[in-house]
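Residues per chain are reported as follows:
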Amino acid sequence: MSSATASSPRVTLLQSVALVWRTLRSMRTALLLLLLLALGSVAGSLVPQVGTSDARIAAMFRDHPLRARIYNQLGLFDVFGSWWFTLITALLLVSLVACLVPRTRALVRNLRTRPQPARELESMRHYTVRHVALAPDRAMARARRVLRRRLYRVAGSNGSAPQSLAADKGLAREAGSLLFHWSFFLILVGVIWGKGTGFSGQATIVEGQTWTEAHANYAGQIHEGRFFDEAHTGIRVHVDSFTATYRIPSGIPEDFVTRADLYDPDGRYVKTVDIRVNHPAAIDGVKLYQFGYGWAPVIDVREDGRLVASGPVVCQQGTPPPGVSPLQLPWDCAVKLPSLRPQVGIQFRLWPDSRALYALLSAGKAMPMLTEYAPVMTYTAYRGDLRLDRPQSISSIDTAAMRRWTSGVIGAGQSVQLGRGLTMSFPDLRQYTVLEVKRDRGLWIELVAAILILVGLLPALYTSRRKVWVTAEPDGSGTVLKVGGFALQRRPQFEQEFARLVDEIARSSDGRADEGSREKVHTT
Amino acid sequence: MSVEQWSRVSTDAFNVALFAYIAGMLGYFYHLAFRRPVVWRIASLTAYAGLLAHLVSVVTRGIAAGRVPWGNMYEYSSLLSLLVVAAYLIIVEGVYRLRTLGGFALAFAVLTMAIAVEFLYVGPGPLVPALNSYWIKIHVVAAIAGSSLFALGSIVTILYLVKDRFERRAATPPPIMGGAVGLEEAPPHFEAGSDEPVGAASERRGLLPSAAVLDRIAYRTIAFAFPIWTFAIIAGAIWAENAWGRYWGWDPKETWSFITWVIFAGYLHARATSGWKGHRAAVIALVGFVSLLITYYAVNLWIVGLHSYAGVS
Ligand code: HEM
C-alpha cells in the first residue's frame, strides 16, 4: 500500500476491516470469546431465568426493584436470549470462519502438493547417518517401501545424485480439527432449520377425550417457528387412560403412562401407544412426550333439571411452599356459568384422596395423595359478573365483581342443591394428561453434526504431523543414508518412532543388521 | 442373597476400599518424602487391592439395586473415585511410570468417598422415571469417566504449577534475559524427550517429576477426557430429547456441563496460543476443574432444575 493513499478514508476503512478480520482470526480472540461465553453462561445459571424461574424473578422485582430493573436492562433474566450472548456467539462463529477458511485452504493445498524436498537435514531435530551395504537406488527403494508401509506420503527424486525423498504423515490431524470446527455450523443449520420450520406445544387431554393437532387446540400453549408454514398435521389423539404410579409410602414417582390411540388426519386408526417419560410416541413427523398430568373431576350443573354445564373440568395446582411436596397439595378448578342471570362461578378445591383432607383438618398433618381414594371437593359459589371479557385463568374465578353465595363439600358420586333451582353433581373423577407435541425436522442434521464433531476430534487430538527426509549417496560398495525429520506434535513419541524408522530403513536386504553400519546421532 | 445382604456386601467393600486408599495414600506420601521403593511397592499394591474391593462394592451395589450402579450421587461419587484411582494407576504409573504422584490421586478419591458416605448415602432402590432410560447408562458413565480424567488431569496440573514455580525460582535466569525465558520458549527439558515414557528419570531430580513431564501428563489426560465429555453432553442431549422433548434447555446441569466444556476447550486453545502456554493454560484448566466440581456437586445439591434428582433429600 503506497503512503500517498494511506490517509484516504477508504483505505482507513479497509485497514480497520482488515484489522478486525486479523483480530478475529487470532487464536487469542477465539480463546477470549470462549471464556466470555463461559462467563455469560455462568450468569445464566446463577440469575433466575424467564421460563424456568418466573416466580423468583417476580419476587426479585417485588423485593429489590432497582436491582431487578438493572438486571432486566442487562438481559440477565434471559441470558441465553439476550443480545450480548447472541453477540458473543456470533463473534465466535465469525472468528471461526476467519480461522477456518485459511486453514481449510492450506489443507487443500497441502493435500494437492507432494511432500517438499528439504536441504540441511543436519539441522533437523532428529538426524541420523547410516552406512548400508546396498546400492543407493536399492536403499532408496527400501526407504520408500518402509515409509509407505507406515502410511507416509512419499515424494522423491530418482536418478539424480544424491538421491532424496521427502515424506510426511498426519494430515488427518488438521483434517479432523477442521471437520470438528466446521461441524458447529452444521449444528447451527440444524437448529435454525429445525426450530424455524417446526413447532412445539402442550396438549391437555382428559381421559376419554380425543384431541386434534391444530393451532386452536393448544389453548395458547404453542410456539411456532419463524418459517412455520401454518400447516398443522390434524392427527388425532384419543386418550384411553393415564396412570401415575408412586412408591408407597415414600411418594417417589415410579411411572407415568398415557395410553392413547393415534389416528391419522383422515380419522383412520394408526396405532395404540403407551407414552411415558423417556418413551415418546411418533406419528406423521410429530412426536408426543409425556409432560404432565392432573385431575379432572366430571361436574354437572342443572338448573331445574336442565343441564347448564357438564363434563370434566381441568384442575391445576399452585406452586407448593418450600418444604411441601406437590403431592400434598389440593387441586383447584372452576366452573363458570355465564348463561345464568346473574352469572354464577363455582370455585373448587379437589382432594383426590380424602384422607389427606381429614388428616389436615383433624391433626394438621400434610399427607401425600398417591392414589385416588374417596375423592372430595370443597366448593364456594359466587354470583355476579364473571368478567369474561378479561383474560381468564381456567382454574380460578375473577371474583372482583361477584358476591360469595354458598359453599360446602361434595364427594364423588354425590349431588348437592346450591339453591335457586341449581343442582350440582360430581359423578366421576378422571385424570388428564399433558403431552408435549413437537415437530423438529432439524434433529437428524444435529445428530450428524454431533457425530462429525466426535469423529473430527479424535484425530485432531490424538494424531500428530510428522515429516521425514532421506538422502542416499554412494560410498564405496555401499551407500550413506542420511535421515532427518521432526514432528509438530507429540514429539517424545516421535523420538522413538524415528529411531525405529531409521533402523528399519537401514536394515540390509537379507534381513540381518548391517555389520559395517556407522552411525551418527544427534539431537538438538 | 437378599437385597439387604448384597447391600451390606457393597457397603463393607466400600469401607475396605476407603481404608485401603487411605493406607495407600500415606504410603505414597512417605515414598514421596523419603524415596523408599519398598514403601511405594506396598502402597501401590494396597491401591490395587482397594480398587478390587471398590469394584466389588460397585458391582454388588448394582445387584442390590437391580440396575446399573450409577443412579444417584452416592453411586456417582463411588464410581468417580474408582475411575480416578484406576486412571491414576493406568496412566500415571502404567504409561508414564511415575511413582510419586499416587498420594494426591488417592487423596482425591478418599475425599470424594468420604463425602459420599457421610452426606450422600442412600440405600439401593429403583430409578425415578426420568432416569429410567438406556441413554442414562451411556450418558452418566461417559460423564463420570470424563470427570474422573478431568479430575486426574487437574490434580497433575496443580502439581505442575507448584513444580513450575520451584523450577523457575531455582533457575533464576541472568537479569538481562528477564522474563524472556517463558515456557513458550521451550526450555531444555521440553526438548530432551528422553523423559518419556520413563518419566521416572525426572523423578530423581527434586521432590516431584519435572514440570515438563507433569505438564505433558496433565495435557494428555485432559485431551483424553475432552472427547469423552463431549460425547457425554451429546448423549445427554439425546436423552433430554427423549425424556423432555427438547435436546437443550439451558437447565442448570446442562448449562454447567457446557461451561465446563467451553473452559476446557479454552484450555486446549490456550495451549496452541503463544503467551498462553504452560502457566496460563494451567490456570484455565484449574478454572475448568472448579467448574466441574460445581457441575457435579453444586448443581445437583443446591441449584434447582430438572436434573435435581440426585436422590439426596
Ligand atoms: C465454537 C467454538 C470452538 C470450540 C468449541 C473449539 C474447540 C477446539 C478444540 C477442542 C480444539 C482441540 C482439537 C485440535 O487440536 O484440533 C481446537 C483446536 C483449534 N482451534 Fe478451536 N474451537 C472453537 C473455536 C475456534 C476459533 C474461533 C478458532 C480461530 C481462532 C479456533 C482455532 C483453533 C485452532 C487453530 C486449533 C488447533 C490448535 C492445535 O492444533 O493445537 N477454534 N478447538
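Throughout this description, residue numbers start from 1 for each chain and increase along the sequence as written. Lettering of chains starts at A and numbering of ligands starts at 1, both following the order in which they are written. Restriction of local features to residues with pLDDT of at least 70 applies here, the model being predicted, together with a cutoff of 80 or more for giving and counting side-chain atom pairs; totals for whole chains, interfaces and linings are based on all residues. To get the side-chain values, all heavy atoms of the structure are used, and hydrogens and water are removed first.

Caption draft 1: Spotlight on the interface of chain A and chain B. The contact criterion used is simple: two residues touch if any of their non-hydrogen atoms lie within 4.5 Å. Across the contact, 50 residues belong to chain A and 50 residues belong to chain B. Simply put, the buried area is the total loss of 1.4 Å probe accessible area from both parts when two parts are fitted together. On the chain A side of the interface with chain B, the three residues burying the most area are Met27(A), Leu31(A) and Asn278(A), jointly 15% of the side's total. Put simply, a salt bridge is a Lys or Arg side-chain nitrogen that is within 4 Å of an Asp or Glu carboxyl oxygen. On the surface where chain A and chain B come into contact, there are 2 salt bridges. As used in this structure description, the phrase polar contact means that two N or O atoms lie within 3.5 Å; if the pair is within protein, one of them must be able to donate a hydrogen and the other to accept it, and residues adjacent in sequence are counted only when both atoms belong to side chains. Taken together, chain A and chain B are joined by 10 residue pairs in polar contact (both at pLDDT 80 or more). Helix and strand definitions follow DSSP, with helices as H or I runs of at least four residues and strands as E runs of at least two, each counted in order from the N terminus. Of all the elements in the fold, those that place two or more residues in the side of chain A that touches chain B are helix H2 (27-46), helix H7 (171-197), strand E8 (253-263), strand E11 (286-303), strand E18 (422-439), helix H9 (443-462) and helix H10 (491-506) of chain A. Following the grouping adopted for this structure description, the nonpolar residues are Ala, Val, Leu, Ile, Met, Phe, Trp, Tyr, Cys and Pro, the charged ones are Asp, Glu, Lys and Arg, and the polar ones are all others, Gly among them. The residue makeup of the side of chain A that touches chain B, split by class, is 28 nonpolar, 9 polar and 13 charged.

Caption draft 2: Examining the site of the ligand more closely. By convention in this text, a residue qualifies as near a molecule or strand provided that one of its non-hydrogen atoms is within 4 Å of it. Taken together, 23 residues sit near the ligand, with Ser95(A), Cys99(A), Ser177(A), His181(A) and His269(B) positioned nearest. Bordering the ligand are residues originating from chains A and B. His181(A) places a side-chain nitrogen or oxygen 2.7 Å from a nitrogen atom of the ligand. Those elements that provide at least two residues to the shell around the ligand are H2, helix H5 (83-112), H7 and H9 of chain A together with helix H9 (252-270) of chain B. A breakdown of the residues in the shell around the ligand according to their chemical character gives 15 nonpolar, 5 polar and 3 charged.

Caption draft 3: Up close: helix H1 (residues 3-34) of chain B. The end-to-end C-alpha distance of H1(B), which contains 32 residues, comes to 46 Å, matching closely the 46 Å that a straight helix rising 1.5 Å per residue would cover. One or two steps after H1(B), the chain reaches Arg35(B), where phi turns positive at roughly 50°. Expected helix span is given by 1.5 Å per residue-to-residue step, counting one fewer step than there are residues.

Caption draft 4: How the structure looks around the coordination of the iron atom of the ligand. Donor selection uses N, O and S atoms within 2.8 Å of the metal (3.2 Å for Na, K and Ca). Since no water is included, sites may look incomplete. Here the iron atom of the ligand is held by His181(A) (NE2) and His269(B) (NE2), and the distances to it run 1.9 Å. Square planar and octahedral sites, with four and six donors, are those where opposite donors lie more than 155 degrees apart and all other angles lie between 65 and 115, tetrahedral sites have four donors with every angle between 85 and 135 degrees, and the rest are irregular. Coordination at the iron atom of the ligand is octahedral: its 6 donor atoms span angles of 85 to 178° at the metal. Within this pair, whereas His181(A) is found in helix H7, its partner His269(B) is found in helix H9, the two belonging to separate chains. Assigned by exposure class, His181(A) and His269(B) land together as buried. Any residue under 20% of the maximum accessible area for its type is buried, any over 50% is exposed, and the rest in between are partly exposed; the area is computed with a 1.4 Å probe on protein chains only.

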